[in-house]
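Reading the structure
What follows is each chain in one-letter form.
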Amino acid sequence: MDPRNTPGYRLYRSLTNLKRIETAGLDDADQERIEAARTLLQNVSLLTQPQHSEDADIQVES
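Computed from a prediction, not measured in an experiment: that's the story for all the values here. (Residues numbered from 1 in each chain as written. Predicted model: local features only at pLDDT ≥ 70, side-chain atom pairs only at ≥ 80, totals over all residues. Heavy atoms only, no water.)

Once that is clear, we can look at the nonpolar core. Core analysis: the biggest nonpolar cluster contains five residues, these being Leu11, Leu15, Leu18, Ile34 and Leu41. If you list the elements that add at least two residues to this core, you get helix H1 (9–20) and helix H2 (28–48). (Core = buried A, V, L, I, M, F, W, Y, C linked by side-chain atoms within 4.5 Å. Buried < 20%, exposed > 50% of the residue type's maximum accessible area, 1.4 Å probe, protein only. Helix = DSSP H or I, 4+ residues; strand = E, 2+ residues; numbered from the N terminus.)

Before going further, it helps to spend a moment on the pattern of salt bridges. Under the defined criterion, the tally for this structure stands at two salt bridges. Between Arg33 and Asp30 there is a salt bridge, with the nearest N and O atoms lying 2.6 Å from each other. Within this pair, Arg33 and its partner Asp30 are both found in helix H2, separated by three residues, close to a single helical turn. Using a relative accessible area of 53% as the deciding quantity, one classes Arg33 as exposed. Accessibility expressed as a relative area gives 30% for Asp30, which makes it partly exposed. In this structure, the salt-bridge partner of Glu35 is Arg38, at a minimum N-O distance of 3.5 Å. Of the two residues, Glu35 and Arg38 both sit in helix H2, three residues apart, roughly one turn of that helix. (Salt bridge = Lys/Arg side-chain N within 4 Å of Asp/Glu carboxyl O.)

Let's shift gears to the side chain of Thr16. Residue placement: Thr16 occurs in helix H1. Of the polar contacts made by the side chain of Thr16, one reaches the backbone oxygen of Tyr12; its length is 2.8 Å. (Polar contact = N/O pair within 3.5 Å; in protein donor to acceptor, adjacent residues only side chain to side chain.)

Rendered as structure tokens:
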């Protein structure tokens with residue numbers, strides 16, 4: 001079975017790639033965007049994993 005068909009694979013890969021980005025050389029706006037993207041992907045990851053979402057302290061902003 002192709003691992004790309006596994007639920008959450010693309011989410012995991014996106015988060016992994018964002019964590020690898022060196023933000024030291026980026027301007028403040030780009031650093032904030034990358035941090036916001038990391039946070040969003042981590043929150044989505046928690047929501048898509050039912051065994052972890054019960055214990056997660058997630059606050060949804062509306």
